[in-house]
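# Overview (structure and organization)
Each chain, written out:
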Amino acid sequence: MHIAFVASECVPFSKTGGLADVVGALPRALAASGHQVSVYLPRYRQTKLTDAQTVVRSITVPFDDRYRFCSVVTGGGHSGVQFYFVDYPPYFDRDALYGTPNGDYPDNAERFALFSRAVLEASKILGVPHVFHCHDWQSALVPVLLRTQYAEDPAFRDVGTVFTIHNMGYQGLFPPDILPLLTLPWDLFTISRMEFFGNVNFLKGALVESDYVTTVSRKYSQEIQTTEYGFGLEGVLRDRAATVTGILNGVDYDEWSPQADKFIAARYSPQDLTGKAKCKQDLLASFDVTGADPSTPVIGIVSRFAAQKGFDLISQIADRLAREEMILVALGAGDKPYEEMFQRLHKQFPRKIAVKVAYDNAIAHKIEAGSDMFLMPSKYEPCGLNQIYSLKYGTVPVVRATGGLDDTIEPWDARTGKGTGFKFTEYKGEALLLTIKEALRAFRDQDSWKTLMRNGMNKDFSWNASAREYARVYDRVRLMRAGSSSQVRRNEAIDLEPITH
Ligand code: ADP
Ligand code: GLC
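Let us look at the structure shown here. Because the structure is a prediction, the values reported are computed rather than measured.

With that settled, consider the site of ligand 2. Residues in contact with ligand 2 amount to 14 residues; listed here are only the nearest, His166, Asn249, Gln308, Glu381 and Gly384. Between ligand 2 and the protein, one listed contact pairs an oxygen atom with a backbone N or O atom of Cys383 at 3.0 Å. Expressed as a share of its isolated accessible area of 310 Å², the protein-covered part of ligand 2 is 93%. The residue inventory of the shell around ligand 2, partitioned by class, reads six nonpolar, six polar and two charged. When residues of the shell around ligand 2 are sorted by domain, at least three fall in each of domain 1 (2-250 + 466-481) and domain 2 (275-457).

Dropping the structure here:
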């Protein structure tokens, strides 16, 4: 089957978060199991292509004011996956992908509408897939266009669409006059389609028009159907609950494993943990933490700094946390208030809290390897990848029991020797502090701590199982589109086996 991924970021070409890791790895896993996979991405300034060849010279994208003309270049084939980049420098040759620390680029609707239209037009030349698999609001217009303006295009007659929600917190909300600018019909501006409290909501469009909707963990697929986590779209998801499912993200262990990692000071494995101490030393040195007792537990954080990640809880408990025997090292960038908060905490507790405000892949790897614990107190977390990476590095996750964090971390029980980490449920500083203290206490018994580390290191979250589940969704969508079976109707559930790790 031919599947075309449409997404706004992908490792190694562009990245701001976990979406890039997923779009970098899932296509490869699908290709390895025999599917034909193409990936369409924007060509940003940060996209480094060694051998870019233009494969479509000019695509006309209509806008109300004037036409724009973009091209498509190929990034070649990698591990059986074909990469294509929509090239339109006025929109994509910029410092960042989506905006600056002061906010989103004001023309994001135009940028990603151009991208989505260009992908459809390019695919008619480069090969129409059986299924378009789109990710997050930036590619949400693909299913919308296919079911509206392109509905009568014979090239797309049987094409299916799968839409994966990586984060309900980002919806692509724009004022109504964006519709005529993008030459989209006003009949999309109804409550049952893209209208959302007086604005146009790209994500809502995809949730309504896609054949199947997936999200990145089972727990999150249930949470987003509630008011607490649905960001106003819970009703839309509930209406089509039979065709919404959660498929847990996998991990690319070629990139994220202490046995293969090229960024860390020493390699180690569950059989031989000795290298981890060297990684800890190296980590502390790169954060300029000197004179620390090697037995002091180090708690790591690698994160986008955003409200989603729960760092206001850390600010609530910082002074009490700083009294504990531990060192917190945090790497992150994003929203100004959180950057400032961590910098303030470092000033206040220089020997206890160390911070780098940056986006730095090498340091991210060093934190995974050199920390004893990894902290993710997220307010919500669709899947979360860092806690899964941490398991492989024997770095014990301390997480809030939400979304993928809840699905991937099992609570440690010292009596049975079972479990992989520590979790708390209530979104309160107090609950976080109690759980960190519990982890610090457990750390003192190094023998049982090693059991806990190895429990995590021996887990397997590779992509194979999840790629198989996606393949079943694609099969189902193709059947739905072909209408070949009276059993298969738009609103019929697909009974996916839960992934058990
Ligand atoms: P999200 O996609 O919500 O940011 P995930 O846990 O799914 O969260 O994925 C985050 C990814 O981005 C991980 O690969 C992580 O290592 C990386 N990352 C996040 N912040 C930084 C940073 N400041 N420097 C380097 N890598 C980062
Ligand atoms: C999002 C989510 C994160 C998830 C990632 C990849 O950015 O915040 O939880 O792991 O996408 O699916």
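One open sheet holds the nine strands; their spatial order is β3-β4-β5-β2-β1-β8-β9-β13-β14, and the pairing between them is mixed. One side of each edge strand has no neighbouring strand; the edge strands of this open sheet are β3 (53-61) and β14 (244-246). Neighbour-to-neighbour, the strand axes of the sheet open up by a mean angle of 25 degrees, direction not taken into account. Pairing of strand β1 (residues 2-6) with strand β2 (residues 36-42), which is carried by five bridges, proceeds in the parallel orientation. Residue His2 lies in a different strand from β2, and its bridge partner there is Gln36. Of the strands in this sheet, β9 (160-165) and β13 (212-215) are in contact with helix α6 (residues 202-209), which crosses β9 at around 130 degrees. Running at roughly 140 degrees to β9, helix α17 (residues 464-482) makes contact with β1, β8 (131-135), β9, β13 and β14 of the sheet.

For the rest of this paragraph, the subject is the site of ligand 1. The environment of ligand 1 is formed by 22 residues, the closest being Gly18, Asp21, Arg304, Lys309 and Ala358. Measuring from a nitrogen atom of ligand 1, one finds a backbone N or O atom of Ser303 at 3.5 Å. Side-chain polar atom of Asn386 to an oxygen atom of ligand 1: 3.3 Å apart, as the coordinates give it. Protein chains bury 94% of the 550 Å² of accessible surface belonging to ligand 1 in isolation. Per-element accounting of the shell around ligand 1 gives the leading share, three residues, to strand β15 (residues 298-305). Of the residues belonging to the shell around ligand 1, the class tally is eight nonpolar, eight polar and six charged. Composition of the shell around ligand 1 by domain shows at least three residues from each of domain 1 (2-250 + 466-481) and domain 2 (275-457).

What counts as what
Residues numbered from 1 in each chain as written. Chains lettered and ligands numbered in written order. Predicted model: local features only at pLDDT ≥ 70, side-chain atom pairs only at ≥ 80, totals over all residues. Heavy atoms only, no water. Near = heavy atom within 4 Å. Polar contact = N/O pair within 3.5 Å; in protein donor to acceptor, adjacent residues only side chain to side chain. Areas by Shrake-Rupley, 256 points an atom, 1.4 Å probe, with all protein chains shown as cover. Nonpolar A, V, L, I, M, F, W, Y, C, P; charged D, E, K, R; others polar. Domains from an automatic or database assignment. Pairing = 2+ DSSP bridges. Helix = DSSP H or I, 4+ residues; strand = E, 2+ residues; numbered from the N terminus. Axes fitted to C-alpha atoms, helices over the stretch in contact; angles between N-to-C directions. Contact = heavy atoms within 4.5 Å.

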